[in-house]
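Notes for the structure review
Residue strings, one per chain:
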Amino acid sequence: MTSRKPLPVSRDRRCRTCNALTSANGMPTLVVAVRGGQDVYACAAHQAEHAAPADDLLVALAQYQDMAARRHSRRR
């Protein structure tokens, strides 16, 4: 039995409203909500309109996973 590498996860990190990959200040978009099992990303200008409640643990987990994935992809 051969081991297979997992397929890379494709994340569309574009802002849900303006399709930008970064905010005006150059910072990357952030996960601000999880809807229907999908991460919702937003730039700084649109974070408030898409944001989930501050105590949403699923969003906190998604943000943590996104930060870990970004760090991993930068090292290569």
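Quick caveat, the model's predicted, so the values are computed rather than measured.

Note on soluble globular proteins: their nonpolar side chains tend to be buried together. Residues C15, V32, A33, V40, A42 and C43 constitute the largest nonpolar core, which totals six residues. Elements with a minimum of two residues in this core: β1 (30–35) and β2 (38–42). Aside from chain neighbours lying at most four places away, what touches C15 is A20, T29, Y41, A42, C43 and H46.

The next subject is the environment of C43. Relative to the helices and strands, C43 resides in the loop between β2 and α1 (47–50). Under the relative-accessibility criterion, C43 is labelled buried at 5%. Sequence separation between C43 and G26 is 17 residues; the distance between their C-alpha atoms is 9.7 Å. Sequence-distant contacts of C43, that is, excluding residues within four places in its chain, are made with C15, C18, T22, S23 and T29.

The next subject is a nonpolar patch on the surface. Together, L58, L61, Y64 and M67 give the surface a local cluster of nonpolar side chains, amounting to about 430 Å² of exposed area. Position of M67 relative to the elements: it lies in helix α2 (residues 57–75).

It is worth spelling out the environment of Y41 at this point. When you line up the elements, Y41 lands in strand β2. Here the alpha-carbon distance between Y41 and A20, two residues 21 residues apart in the chain, equals 9.7 Å. Polar side-chain contacts of Y41 include one of 2.9 Å to the side chain of D66.

A separate point is the pattern of salt bridges. Per the counting criterion, the structure on display carries two salt bridges. The residue R14 makes a salt bridge to D12 at a minimum N-O spacing of 3.9 Å. R14 gets classed as partly exposed once you look at its relative accessible area, which sits at 38%. Note that D66 and R13 form a salt bridge whose closest N and O atoms lie 2.9 Å from each other. Here D66 is found in helix α2, whereas its partner R13 is found in the segment before β1, with 53 residues between them in sequence. A residue is classified by how much of its surface remains accessible, and D66, at 4% relative accessible area, is buried.

Basis of the calculations
- Along each chain, residue indices are assigned from 1 in the same order as the chain's sequence is written.
- A pLDDT threshold of at least 70 governs which residues receive local features in this predicted model, and a stricter bar of 80 or more applies before side-chain atom pairs are shown or counted, although totals over entire chains, interfaces and linings include all residues.
- As a convention, hydrogens and water are excluded, and side-chain values are obtained from all of the structure's heavy atoms.
- Here, the term nonpolar core denotes a set of buried Ala, Val, Leu, Ile, Met, Phe, Trp, Tyr and Cys residues that are joined through side-chain atoms within 4.5 Å.
- Only protein chains enter the accessibility calculation, which uses a 1.4 Å probe. A residue is then buried if its area is under 20% of the maximum for its type, exposed if over 50%, and partly exposed in between.
- Secondary structure counts use DSSP, requiring at least four H or I residues in a row for a helix and at least two E residues in a row for a strand, with both numbered from the N terminus.
- Contacts: residue pairs with any heavy atoms within 4.5 Å of one another.
- The patches reported here contain residues having more than 30% relative accessible area and no salt bridge. Joining distances are 9 Å for like charges and 5 Å for nonpolar side chains (Val, Leu, Ile, Met, Phe, Trp, Tyr).
- The accessible surface values rely on the Shrake-Rupley method and a 1.4 Å probe; as for residues, cover is taken only from the protein chains in view.
- When a carboxyl oxygen of Asp or Glu is within 4 Å of a side-chain nitrogen of Lys or Arg, the pair counts as a salt bridge.
- Polar contact is defined as a pair of N or O atoms within 3.5 Å, subject to the rule that within protein one atom must be able to donate a hydrogen and the other to accept it, and that residues adjacent in sequence are counted only when both atoms are side-chain atoms.

Interpretation in functional terms is not warranted from these geometric data alone.
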